[in-house]
Amino acid sequence: MKTKYKRNVSRRATPWDNYQELTPLQDFIKNRYLEAYEVRHPQIAGSKEIDLLNSYPVEFCKHCGSFHIKKYGFTNTGIQRYYCNDCKHSFTIITNTIFQDRKISISEWIEYCLDLFRYESLNVTSKTNKNAGTTTKY
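Along each chain, the written sequence defines residue order, and numbers are assigned to residues from 1. In view of the model being predicted, local features appear only for residues whose pLDDT reaches at least 70, and side-chain atom pairs are presented and counted only at 80 or more, with totals across whole chains, interfaces and linings using the full set of residues. Side-chain numbers come from the whole structure's heavy atoms, not from hydrogens or water.

## With respect to the sheet that holds strand β2 (residues 80-84)
- DSSP bridges decide pairing: two strands pair if at least two such bridges lie between them. Where helices and strands are cited, they refer to DSSP runs of H or I of at least four residues and of E of at least two residues respectively, numbered from the N terminus. If you walk across this open sheet you meet the three strands as β1-β2-β3, and the pairing is antiparallel. Pairing within the sheet leaves two strands with one partner each, and these edge strands are β1 (69-74) and β3 (90-92). Geometrically, the sheet is characterised by an average inter-axis angle of 40° between neighbouring strands, direction not taken into account.
- Summarising the sheet, β2 and β3 pair through three bridges and their orientation is antiparallel. Residue pairing in the sheet places Y82 in a bridge with F91 of β3. Orientation is described by axes fitted as lines to C-alpha atoms, over the contacting stretch for helices, and by angles from 0 to 180 degrees between their N-to-C directions.

Here is the structure:
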């Protein structure tokens with residue numbers, strides 16, 4: 001039985017990603033393509049965004065609103081964690097925001113919002129950002 005949903009393929013993939021040995025031309029194209037992808041999609045770890053997020057003071061718990069909090073180390077990306085002595089939860093500056101549980105950087109979110117404000121189509125936005133069409137719609 002056919003499924004009615006079409007699975008979208010990532011736009012960062014190249015036709016020869018699964019090849020064991022690449023020709024010099026394929027290797028050159030793949031490396032340049034991935035470099036351009038990394039420019040558009042920087043990793044949040046080790047970026048200036050971590051410094052920006054860690055510079056904001058946290059005064060209360062993001063879960064219960066208590067002021068009895070303490071620093072509690074860092075996440076694997078380098079964001080400062082906090083611990084609430086009242087509700088016993090740990091949290092970061094981005095807890096309960098649209099950036100929570102997302103792997104993409106804040107600068108990429110800003111770029112995406114600017115594309116939407118320019119009234120570009122979702123298809124153009126997904127091609128520009130090298131995302132799958134379903135990612136852009138989500």
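## Thoughts on the pattern of salt bridges
- Any Lys or Arg side-chain nitrogen found within 4 Å of a carboxyl oxygen on Asp or Glu counts as a salt bridge. What the rule picks out here adds up to one salt bridge.
- Here E35 makes a salt bridge to R32, at a shortest N to O gap of 3.2 Å. Taken as a pair, E35 and R32 lie in helix α1 (residues 24-40) at a separation of three residues, close to a single helical turn.

## Observations regarding the layout of surface pockets
- For each structure, a 1 Å grid was placed over the protein atoms alone; sets of points admitting a 1.4 Å probe that cannot get out are labelled cavities, open sets with protein on both sides within 12 Å along at least five of seven lines are labelled pockets, and lining residues have an atom within 4 Å of a point. Grid points are joined across faces, edges and corners, and a volume is the space filled by probe spheres set on the points. The space that makes up the second largest pocket amounts to roughly 330 Å³.
- Contributing to the lining of the second largest pocket are 20 residues, with T75, I79, T92, I94 and D101 lying nearest its centre.
- In terms of residue count, the dominant contributor to the lining of the second largest pocket is β3 (three residues).
- Its residues assigned to classes, the lining of the second largest pocket shows eight nonpolar, eight polar and four charged. Note that Gly is not counted as nonpolar here; it falls among the polar residues with everything else outside the nonpolar set of Ala, Val, Leu, Ile, Met, Phe, Trp, Tyr, Cys and Pro and the charged set of Asp, Glu, Lys and Arg.

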